[in-house]
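Coordinate inspection notes
So you can see what is in the structure, the chains are spelled out below.
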Amino acid sequence: MQFMLLFSRQGKLRLQKWYVPLSDKEKKKITRELVQTVLARKPKMCSFLEWRDLKIVYKRYASLYFCCAIEDQDNELITLEIIHRYVELLDKYFGSVCELDIIFNFEKAYFILDEFLLGGEAQETSKKNVLKAIEQADLLQESDGAPGEDEIRPSLKIYLHPPEEKVVICRVKRTAAETRAVLGRFSLS
């Protein structure tokens, strides 16, 4: 995925995430062109279109358009599924998400997107795991930011996945003392 845009029926940009380096001028030009192109299409038209050397996949949910640009060889249906999964995550987190939720809580919308997608690819497909990570971050943010000895602190667990021998990073819960002990083993504290 090259980028994702969320915009209203009136053409107001609500969220944008770019996975390729472009200048601000180029981003604005692309956004303006795509918003005009998608809004000009009739509701019954196909949600896929070819634009420049990319494929555009979009879906309208209530008053918001979710628009993604993918490369020519990428699968449009998987991209539609990614859009739908993101909407489901927003819906679960906000409880029937609407445009105002995105406007007033844009940092949470970005955070949910970042937990779900990494570098334009789905990093976590489980809604439950993504929502759990967001819930933990919310709890951490609500506290004063300095967990005590017995408070649980989110950490990263790194291990080698045997079949493919890939490094897998996931979130685990540890107390502050456990985290110091682990870091001490690696001389990282």
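Below or above, wherever it landed, is the structure these notes cover. This one's a predicted model, so the numbers in the text were calculated from it and none came from an experiment.

1. Some remarks on the sheet that holds strand E2 (residues 13–18)
Each strand in a sheet pairs with another by means of backbone hydrogen bonds, the pair being arranged parallel or else antiparallel. On the basis of which strands lie adjacent, the open sheet formed by five strands has the order E2-E1-E5-E4-E3 and antiparallel pairing. Of all strands in the sheet, those bounded by a partner on one side alone are E2 and strand E3 (48–51). Averaged over all adjacent pairs, the angle separating strand axes in this sheet is 20°, with direction ignored. In terms of strand pairing, E3 meets strand E4 (residues 54–61) through four bridges, oriented antiparallel. Of the residues in E4, the one forming a bridge with Phe 48 is Val 57.

2. Concerning helix H4 (residues 106–116)
Along an α-helix, a turn takes 3.6 residues, which lines up residues three or four apart on a common side. Those residues of H4 lying buried are Lys 108, Ala 109, Ile 112, Leu 113, Glu 115 and Phe 116. Viewed end-on, H4 has its buried residues packed into an arc of 160°, placing them on one side of the element.

3. Comments concerning the packing of helix H2 (residues 76–94) against helix H5 (residues 127–142)
Two elements in contact, H2 and H5, have axes separated by 11 Å at closest approach and are oriented at 45°. Of the possible angle classes, the one that applies to H2 and H5 is oblique. H2 and H5 meet at a crossing whose hand is right-handed. In this structure, H2 contributes Arg 85, Glu 88, Leu 89, Lys 92 and Tyr 93 to the contact, and H5 contributes Lys 127, Val 130, Leu 131, Ile 134 and Asp 138. Here the contact of H2 with H5 is composed, by residue class, of five nonpolar, no polar and five charged.

4. Concerning the environment of Pro 43
Looking at the secondary structure, you find Pro 43 in the loop between helix H1 (24–40) and E3. Taking the C-alpha atoms as reference, Pro 43 lies 9.9 Å from Lys 59; in sequence the two are 16 residues apart.

5. Some words on H1
With 17 residues, H1 extends 24 Å between its outermost C-alpha atoms, agreeing within 8% with the 24 Å of an ideal straight helix rising 1.5 Å per residue. Within the span of H1, buried status applies to Ile 30, Thr 31, Leu 34, Val 35 and Val 38. End-on, the buried residues of H1 take up no more than an arc of 125°, which puts them together on one face. Relative to its buried face, H1 has exposed residues pointing more than 90 degrees away, namely Lys 25, Lys 28, Arg 32, Gln 36 and Ala 40. Along its buried surface, H1 packs onto strand E1 (3–8), E2, E3, E4 and strand E5 (64–70).

6. What to know about the pairing of E5
Buried residues dominate E5, accounting for seven of its seven residues. Bridging between E1 and E5 involves six bridges; their strand directions are antiparallel. Residue pairing across strands places Phe 3 opposite Ala 69, the latter belonging to E5. Pairing between E4 and E5: seven bridges, direction antiparallel.

What counts and what doesn't
Residues numbered from 1 in each chain as written. Predicted model: local features only at pLDDT ≥ 70, side-chain atom pairs only at ≥ 80, totals over all residues. Heavy atoms only, no water. Pairing = 2+ DSSP bridges. Helix = DSSP H or I, 4+ residues; strand = E, 2+ residues; numbered from the N terminus. Axes fitted to C-alpha atoms, helices over the stretch in contact; angles between N-to-C directions. Buried < 20%, exposed > 50% of the residue type's maximum accessible area, 1.4 Å probe, protein only. Arc of directions from axis to C-beta. Parallel < 35°, antiparallel > 145°, perpendicular 65-115°, else oblique. Left-handed = near helix turned anticlockwise from the far one by under 90°. Contact = heavy atoms within 4.5 Å. Nonpolar A, V, L, I, M, F, W, Y, C, P; charged D, E, K, R; others polar. Expected span 1.5 Å × (residues − 1).

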